[in-house]
Amino acid sequence: MKTIIAFSDTHSAPLPAQLLSVIDEANLVFFLGDGASALGKVLFNPRLHIVQGNCDVQGILDDEKVVEVEGVRMLLTHGDRYSVKRDLLPLAMRAKELECTVAFYGHTHIARIDEYDGVTLICPGSPSYPKNSMASYAFAAAYNGKITAKIVNIG
(Lines give C-alpha, C1' and ligand atoms only; values in the text may rest on other atoms or scores of the structure.)
Protein backbone atom coordinates (compact mmCIF):
# COMPACT_ATOMS: atom_id res chain seq x y z
CA MET A 1 0.00 0.00 0.00
CA LYS A 2 1.21 3.50 -0.88
CA THR A 3 -0.13 6.64 0.75
CA ILE A 4 -0.60 9.88 -1.17
CA ILE A 5 -1.03 13.45 0.03
CA ALA A 6 -2.41 15.84 -2.60
CA PHE A 7 -2.82 19.58 -2.29
CA SER A 8 -3.18 22.58 -4.55
CA ASP A 9 -3.71 26.31 -4.78
CA THR A 10 -1.52 27.58 -1.97
CA HIS A 11 -0.82 30.76 -3.93
CA SER A 12 2.51 31.16 -2.12
CA ALA A 13 1.03 31.13 1.40
CA PRO A 14 3.01 29.20 4.04
CA LEU A 15 1.93 25.57 4.37
CA PRO A 16 0.08 24.69 7.59
CA ALA A 17 2.06 22.63 10.11
CA GLN A 18 -0.53 19.83 9.93
CA LEU A 19 0.03 19.48 6.19
CA LEU A 20 3.82 19.56 6.52
CA SER A 21 3.77 16.73 9.04
CA VAL A 22 1.68 14.42 6.83
CA ILE A 23 3.79 15.28 3.77
CA ASP A 24 6.83 13.97 5.64
CA GLU A 25 5.09 10.64 6.27
CA ALA A 26 3.45 10.05 2.87
CA ASN A 27 4.88 7.72 0.22
CA LEU A 28 3.96 10.23 -2.53
CA VAL A 29 3.13 13.92 -2.58
CA PHE A 30 1.12 15.56 -5.38
CA PHE A 31 1.12 19.34 -5.77
CA LEU A 32 -1.47 20.32 -8.34
CA GLY A 33 -0.35 23.85 -9.12
CA ASP A 34 -0.65 27.51 -8.15
CA GLY A 35 2.05 28.32 -5.65
CA ALA A 36 4.91 26.06 -6.68
CA SER A 37 7.52 28.78 -6.21
CA ALA A 38 6.84 28.99 -2.47
CA LEU A 39 6.75 25.33 -1.48
CA GLY A 40 10.06 25.67 0.34
CA LYS A 41 11.61 22.41 1.50
CA VAL A 42 8.72 20.42 -0.03
CA LEU A 43 10.23 21.15 -3.47
CA PHE A 44 13.21 19.00 -2.51
CA ASN A 45 11.09 16.04 -1.43
CA PRO A 46 12.06 13.15 -3.76
CA ARG A 47 8.49 11.80 -3.54
CA LEU A 48 6.99 15.04 -4.92
CA HIS A 49 5.10 15.04 -8.22
CA ILE A 50 4.21 18.54 -9.33
CA VAL A 51 2.26 20.13 -12.17
CA GLN A 52 1.93 23.73 -13.27
CA GLY A 53 -1.07 25.85 -12.38
CA ASN A 54 -2.40 28.83 -14.28
CA CYS A 55 -0.83 31.21 -11.73
CA ASP A 56 2.61 29.53 -11.78
CA VAL A 57 5.45 30.67 -14.03
CA GLN A 58 4.52 29.18 -17.39
CA GLY A 59 6.71 26.75 -19.30
CA ILE A 60 8.79 25.44 -16.39
CA LEU A 61 6.62 22.58 -15.13
CA ASP A 62 4.48 20.03 -16.94
CA ASP A 63 0.80 20.87 -17.44
CA GLU A 64 -0.13 17.31 -16.62
CA LYS A 65 1.53 14.10 -15.57
CA VAL A 66 0.53 10.45 -15.40
CA VAL A 67 1.71 8.51 -12.38
CA GLU A 68 1.17 4.80 -11.80
CA VAL A 69 1.14 3.59 -8.21
CA GLU A 70 0.26 0.09 -7.03
CA GLY A 71 -1.44 -0.62 -10.36
CA VAL A 72 -3.50 2.58 -10.35
CA ARG A 73 -2.93 5.03 -13.24
CA MET A 74 -3.51 8.61 -12.13
CA LEU A 75 -3.66 11.86 -14.06
CA LEU A 76 -2.31 14.92 -12.24
CA THR A 77 -3.34 18.32 -13.58
CA HIS A 78 -4.26 21.75 -12.31
CA GLY A 79 -7.60 21.54 -14.10
CA ASP A 80 -7.82 24.98 -15.69
CA ARG A 81 -7.24 23.54 -19.17
CA TYR A 82 -10.24 21.26 -18.67
CA SER A 83 -12.67 23.93 -17.41
CA VAL A 84 -13.22 22.11 -14.11
CA LYS A 85 -15.05 25.09 -12.63
CA ARG A 86 -17.90 24.45 -15.09
CA ASP A 87 -17.92 20.73 -15.86
CA LEU A 88 -15.89 17.64 -14.96
CA LEU A 89 -16.65 15.76 -18.19
CA PRO A 90 -13.58 17.08 -20.12
CA LEU A 91 -11.28 16.03 -17.27
CA ALA A 92 -12.87 12.58 -17.03
CA MET A 93 -12.55 12.16 -20.81
CA ARG A 94 -8.86 13.14 -20.71
CA ALA A 95 -8.22 10.66 -17.90
CA LYS A 96 -9.92 7.88 -19.88
CA GLU A 97 -7.93 8.86 -22.99
CA LEU A 98 -4.74 8.34 -20.97
CA GLU A 99 -6.11 5.07 -19.51
CA CYS A 100 -6.26 6.55 -16.01
CA THR A 101 -8.90 5.56 -13.47
CA VAL A 102 -8.13 8.53 -11.19
CA ALA A 103 -7.59 12.24 -11.86
CA PHE A 104 -6.25 14.64 -9.23
CA TYR A 105 -6.93 18.30 -10.01
CA GLY A 106 -7.04 21.73 -8.39
CA HIS A 107 -8.02 25.21 -9.62
CA THR A 108 -11.48 25.36 -8.01
CA HIS A 109 -10.29 25.69 -4.37
CA ILE A 110 -13.29 23.48 -3.50
CA ALA A 111 -12.57 20.06 -2.00
CA ARG A 112 -14.56 17.22 -3.52
CA ILE A 113 -14.39 13.63 -4.73
CA ASP A 114 -16.58 12.52 -7.62
CA GLU A 115 -17.04 9.42 -9.74
CA TYR A 116 -17.58 10.15 -13.41
CA ASP A 117 -17.90 7.38 -16.00
CA GLY A 118 -15.56 5.05 -14.13
CA VAL A 119 -13.02 7.75 -13.22
CA THR A 120 -12.48 8.97 -9.67
CA LEU A 121 -11.96 12.75 -9.71
CA ILE A 122 -10.24 14.20 -6.64
CA CYS A 123 -9.88 17.90 -5.90
CA PRO A 124 -8.10 18.49 -2.58
CA GLY A 125 -9.38 22.06 -2.22
CA SER A 126 -6.81 24.48 -0.85
CA PRO A 127 -4.89 24.51 2.43
CA SER A 128 -4.57 28.30 2.17
CA TYR A 129 -7.48 29.84 0.25
CA PRO A 130 -10.49 27.50 0.31
CA LYS A 131 -13.81 28.42 -1.29
CA ASN A 132 -17.09 27.12 0.12
CA SER A 133 -15.25 24.76 2.48
CA MET A 134 -12.56 24.51 5.11
CA ALA A 135 -8.85 24.51 4.34
CA SER A 136 -8.03 21.01 3.19
CA TYR A 137 -5.89 18.44 1.41
CA ALA A 138 -6.60 14.96 0.06
CA PHE A 139 -5.31 11.71 1.52
CA ALA A 140 -5.38 8.60 -0.66
CA ALA A 141 -4.17 5.04 -0.37
CA ALA A 142 -3.45 2.92 -3.44
CA TYR A 143 -3.19 -0.84 -3.26
CA ASN A 144 -3.55 -3.69 -5.71
CA GLY A 145 -5.15 -1.63 -8.50
CA LYS A 146 -7.59 0.24 -6.28
CA ILE A 147 -7.60 3.63 -4.60
CA THR A 148 -9.40 4.98 -1.56
CA ALA A 149 -9.43 8.73 -0.99
CA LYS A 150 -10.81 11.24 1.46
CA ILE A 151 -10.69 14.97 2.03
CA VAL A 152 -8.99 16.04 5.26
CA ASN A 153 -9.96 19.39 6.74
CA ILE A 154 -7.22 21.48 8.30
CA GLY A 155 -7.79 23.42 11.48
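Predicted, not measured: the structure shown is a model, and the values here were computed from it. In every chain, residue numbers begin from 1 and rise along the written sequence. Under the rules for a predicted model, residues below a pLDDT of 70 receive no local features and side-chain atom pairs below 80 are neither given nor counted, while totals for whole chains, interfaces and linings still include all residues. Side-chain numbers come from the whole structure's heavy atoms, not from hydrogens or water.

Caption draft 1: Looking closely at the nonpolar core. Only buried Ala, Val, Leu, Ile, Met, Phe, Trp, Tyr and Cys residues count toward a nonpolar core, and they belong to the same one when joined by side-chain atoms within 4.5 Å. Using a 1.4 Å probe on the protein chains alone, a residue whose accessible area is under 20% of its type maximum counts as buried, one over 50% counts as exposed, and one in between counts as partly exposed. Core analysis: the biggest nonpolar cluster contains 18 residues, and Ile4, Phe30, Met74, Phe104 and Ile147 have the highest contact counts within it. Helix numbering and strand numbering both begin at the N terminus, where a helix is a DSSP run of H or I of at least 4 residues and a strand a DSSP run of E of at least 2. Of all elements in the fold, only strand E1 (2–7), strand E2 (28–31), strand E4 (64–69), strand E5 (72–77), strand E6 (102–104) and strand E9 (136–143) reach the threshold of two or more residues within this core. Setting aside residues no more than four positions away along its own chain, isoleucine 147 makes contact with Ile4, Val72, Met74, Val102, Phe104, Ala140, Ala141 and Ala142. Grouped together as the second largest cluster of nonpolar side chains are 17 residues, Leu15, Leu19, Phe31 and Val42 included. Contacts were defined at the residue level, with two residues in contact if any of their heavy atoms lie within 4.5 Å.

Caption draft 2: Main features of the sheet that holds strand E8 (residues 119–123). In this description, strands pair whenever DSSP reports at least two bridges between them. Taking strand neighbours across the sheet as the criterion, the five strands line up as E4-E5-E6-E8-E7 in an open arrangement whose pairing is mixed. Looking along the sheet, the strands with just one partner apiece sit at the ends: E4 and strand E7 (112–116). Geometrically, the sheet is characterised by an average inter-axis angle of 20 degrees between neighbouring strands, direction not taken into account. Bridge count for E5 against E6 is three bridges, and the pairing is parallel. Counted as the bridge partner of leucine 76 is phenylalanine 104 from E6. Fitted lines through C-alpha atoms serve as axes, helices being fitted only where they are in contact, and the angles separating the N-to-C directions of these axes extend from 0 to 180 degrees. Sitting on the sheet, helix H2 (residues 89–97) touches E4, E5, E6, E7 and E8, and the angle it makes with E8 is about 125 degrees.

Caption draft 3: Fine view of the sheet that holds strand E10 (residues 146–153). Here five strands make up an open sheet; going across it, the order is E3-E2-E1-E9-E10 and the pairing mixed. Each edge of the sheet is formed by a strand with only one pairing partner; in this case those strands are strand E3 (48–50) and E10. The average undirected angle you get between the axes of adjacent strands in this sheet is 20 degrees. In the sheet, E2 pairs with E3 via three bridges, with the strands oriented parallel. In the strand pairing of E3, phenylalanine 30 is matched with histidine 49. Strand contacts of helix H1 (residues 17–25): E1, E2, E9 and E10, with the helix running at about 145 degrees to E1, the strand carrying the most contacts.

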